Amino acid sequence: MNALHSDAFVFFGATGDLAYKKIFPALQAMIRRGDLDIPIIGVARAGWTLDKLREHARDSLEHNGGVDADAFAKLSAQLRYVDGDYQDAATFDRLKQALNGAVRPVHYLAIHPSMFATVVQGLAKAGCAKDARVIVEKPFGRDLTSARELNCVVRSVFPEDSIFRIDHYLGKEEIMNILYFRFANSFLEPIWNRNYVASVQMTLSEDFGIKDRGAFYETTGCLRDVIQNHLFQIVALLAMEPPSHRGYAAVHSQKTEVFQAMRPLKPDDLVRGQYVGYRREPDVAKNSDVETFCALRLFIDSWRWEGVPWYLRSGKFMREKVAEVLVQLKPPPSRLFADSVPATGRANYLRFWLYPNPAIALAARVKREGKEFVGDQRELYLVGERPGQEAEAPYERLLGDAMAGNGALFTREDAVEAAWAVVDPVLKTHHPVHLYKPYSWGPKEADALIAADGCWHNPVPGQVVA
Ligand code: BG6
């Protein structure tokens with residue numbers, strides 16, 4: 001193992017939802033690949049024992065991808081457990097003992113954001129932070145002020161290059177491909193600007209509700225949960241200027257500049273929705289105004305993007321679970337053929353199909369055989385090769401990178417704050433939610449938001465041509 005590689009993996013929130021759904025499966029997969037051979041220390045305040053945590057880990061794997069007998073045996077052997085309250089210094093003393101002399105541990109805060117500062121300070125006081133790394137789950141803060149405060153606390157203990165702010169979207173192959181596709185090709189650059197792009201729209205919809213996360217969702221809502229982070233990260237990769245040199249610092253700087261150029265949102269830029277039935281979910285207020293759907297119109301006031309609207313939409317309990325970006329190009333300058341612009345208004349566009357079946361599609365009009373000059377809409381598909389080996393899931397990739405000290409796929413302090421600055425004005429000042437039916441495409445008011453530039457594309461898995 002490289003001397004700079006972490007020599008212990010500590011995860012706070014070991015008995016929680018994220019650990020159950022994502023962390024145990026990622027750890028088992030990393031062990032199976034031979035990439036994780038260090039003590040794994042779960043911390044929680046659940047009154048559990050190590051055996052109980054092992055049982056829980058098995059149960060997590062049974063429900064999330066399956067148990068691999070060999071890898072699970074190793075995971076069980078590597079697993080340790082520290083139980084205790086995060087407010088109690090003794091918890092961190094026990095953690096120090098469990099670390100057993102590890103010199104470069106990585107601490108993963110898979111806990112409620114309200115506890116981040118307490119845990120970071122507990123780590124520092126007990127001497128567990130020296131030469132250590134920290135991985136912080138999103139949402140990083142809940143507005144600009146709290147993000148700044150949190151950054152201050154974390155930075156008072158860890159240097160920036162030891163802080164890994166996770167946004168798991170950055171660990172997804174199809175998102176990494178946006179960066180690659182944009183800058184490994186030359187044909188895109190001439191049209192990738194306000195002269196050729198009419199608008200950009202993005203949909204990230206889920207066909208299920210908030211499940212058992214009522215308490216979390218009530219303090220979060222869709223804008224904070226997925227838009228300020230996941231969707232904004234995609235916008236940044238699509239909108240950024242070419243990095244001036246190789247290396248991730250240049251990418252981080254260019255992405256940050258996109259957030260800094262985004263125009264802060266106003267209430268009219270936003271349509272908030274709530275699915276019918278949300279207020280009956282456990283731990284949800286009977287009169288809740290928290291949005292489970294959000295659509296917004298965004299502008300990036302830069303040389304490249306001035307005047308181009310970016311429409312972002314996400315929601316729970318929508319018609320389909322899909323994710324895509326549609327970059328609509330301007331129509332030809334004159335309509336030489338009656339059908340140059342099809343009924344949908346979309347002739348030429350680039351479509352980044354992110355989920356399911358990731359692909360990039362380029363749409364064009366092609367003449368139909370015959371005397372008439374009429375045509376059809378076609379999509380030219382670029383589909384990545386899928387090697388036989390199972391793809392690395394985002395959490396495996398990101399946890400492995402953090403342990404190796406590689407910050408390429410994490411977010412920087414200034415970028416997080418700049419992204420909060422965009423949404424901050426509408427976190428408190430906004431119009432009330434509009435109700436929408438479960439399994440629909442959200443409230444109709446979202447259609448009015450985009451009307452000046454066409455309509456939403458409601459992606460249907462398997463459907464060719466938007
Ligand atoms: C999480 C949000 O960050 O991302 C969830 O908290 C959301 O509400 C999830 O469902 C979506 O991630 P993915 O990878 O399933 O698209």
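The rules behind these values
- Residues numbered from 1 in each chain as written.
- Predicted model: local features only at pLDDT ≥ 70, side-chain atom pairs only at ≥ 80, totals over all residues.
- Heavy atoms only, no water.
- Near = heavy atom within 4 Å.
- Polar contact = N/O pair within 3.5 Å; in protein donor to acceptor, adjacent residues only side chain to side chain.
- Areas by Shrake-Rupley, 256 points an atom, 1.4 Å probe, with all protein chains shown as cover.
- Helix = DSSP H or I, 4+ residues; strand = E, 2+ residues; numbered from the N terminus.
- Expected span 1.5 Å × (residues − 1).
- Contact = heavy atoms within 4.5 Å.
- 1 Å grid on protein atoms, 1.4 Å probe; cavity = no way out; pocket = protein on both sides within 12 Å on 5 of 7 lines; lining within 4 Å.
- Points joined across faces, edges and corners; volume = space filled by probe spheres on them.
- Pairing = 2+ DSSP bridges.
- Axes fitted to C-alpha atoms, helices over the stretch in contact; angles between N-to-C directions.
- Parallel < 35°, antiparallel > 145°, perpendicular 65-115°, else oblique.
- Left-handed = near helix turned anticlockwise from the far one by under 90°.
- Nonpolar A, V, L, I, M, F, W, Y, C, P; charged D, E, K, R; others polar.
- Core = buried A, V, L, I, M, F, W, Y, C linked by side-chain atoms within 4.5 Å.
- Buried < 20%, exposed > 50% of the residue type's maximum accessible area, 1.4 Å probe, protein only.

Student: Can you walk me through the site of the ligand in this structure?
Tutor: For the ligand, the full set of nearby residues is K138, H168, Y169, K172, E206, R213, D225, H230, K316 and K321. E206 is positioned with one of its side-chain polar atoms (N or O) 2.5 Å from an oxygen atom of the ligand. Against a free-state accessible area of 400 Å², the protein chains account for coverage of 81% of the ligand.

Student: Looking at this structure, I do not really get helix α6 (residues 144–157). What am I missing?
Tutor: Because an α-helix completes one turn every 3.6 residues, residues spaced three or four positions apart along the sequence face the same direction. Across its 14 residues, α6 extends 20 Å between first and last C-alpha, which sits within 8% of the 20 Å expected from 1.5 Å per residue. In the core, the buried residues of α6 are packed alongside α5 (116–125), β5 (133–136), β6 (163–165) and α12 (413–428). Measuring from the side-chain oxygen of the N-cap residue of α6 to the backbone nitrogen of T145 gives 3.4 Å; that N-cap residue is D143.

Student: Looking at this model, I keep getting lost on empty space enclosed by the protein. Mind explaining?
Tutor: Once rolled over the atoms, a probe with the size of a water molecule shows which space is left empty. Applying the stated criterion to the full structure yields 3 cavities of 30 Å³ or more. A volume near 140 Å³ is recorded for the largest cavity. If you trace the largest cavity, you find 15 residues lining it, with F140, Q228, N229, T411 and V416 closest to the centre. Ranked by the residues each element gives to the lining of the largest cavity, the list is headed by α12, at 4 residues. Quantified by volume, the second largest cavity comes out at close to 60 Å³. Surrounding the second largest cavity, L204, E206, Y217, C222, D225, V226, T292, S314, G315 and K316 form its lining. Contributing elements (two or more residues each) for the lining of the second largest cavity: α9 (221–239) and β10 (309–315).

Student: Where do I start with the sheet that holds β5 in this structure?
Tutor: Within a sheet, adjacent strands bond to each other through the backbone by hydrogen bonds, running parallel or antiparallel. Pairing in this open sheet of 6 strands is parallel, and the strands run β3-β2-β1-β4-β5-β6 from one edge to the other. The sheet terminates laterally at β3 (79–83) and β6, the two strands that pair on one side only. Neighbour-to-neighbour, the strand axes of the sheet open up by a mean angle of 20°, direction not taken into account. Along the sheet, helix α4 (residues 89–99) makes contact with β1 (8–12), β2 (40–44), β3 and β4 (105–109), crossing β3 at roughly 165°.

Student: What's the story with the packing of α6 against α12 in this structure? I'm lost.
Tutor: When two helices pack together, you describe them by how their axes are tilted relative to each other and by the distance separating the axes. Where α6 meets α12, the axes come as close as 8 Å, and the angle between the chain directions of the two elements is 165°. In terms of orientation, α6 lies roughly antiparallel with respect to α12. Crossing angle aside, the handedness with which α6 passes α12 is right-handed. Seen from α6, the contacting residues are L144, A147, R148, N151 and R155; seen from α12, they are E413, E417, W420, A421 and D424. Of the residues belonging to the contact of α6 with α12, the class tally is 4 nonpolar, 1 polar and 5 charged.

Student: I keep staring at the nonpolar core and nothing clicks. Help me out?
Tutor: Where a protein is soluble and globular, its nonpolar side chains tend to be buried together. One finds F9, F11, F12, W310 and F352 to be the most contacted residues of the largest nonpolar core, which totals 144 residues. Element by element, the count of residues in this core is highest for α9, at 12 residues. Setting aside its immediate chain neighbours within four residues, F9 contacts I23, L27, I38, P39, I40, I41, V106, Y108, I135, L399 and M403.

Student: What is the right way to read unusual backbone geometry from this model?
Tutor: Peptide bonds are trans in most cases, and residues, glycine excluded, mostly fall at negative phi. Residue P139 is bonded to the preceding K138 through a cis peptide linkage, with omega at -5°. For P139, the location among the structural elements is in the loop between β5 and α6. A positive phi angle, near 55°, is found at K211, a position not held by glycine. Looking at where K211 falls in the secondary structure, it is placed in the loop between β7 (197–205) and α8 (214–218). With a phi close to 55°, F317 is a non-glycine residue in the positive phi region. By secondary structure assignment, the location of F317 is in the loop between β10 and β11 (322–329). Judged by relative accessible area, which is 17%, F317 ranks as buried.

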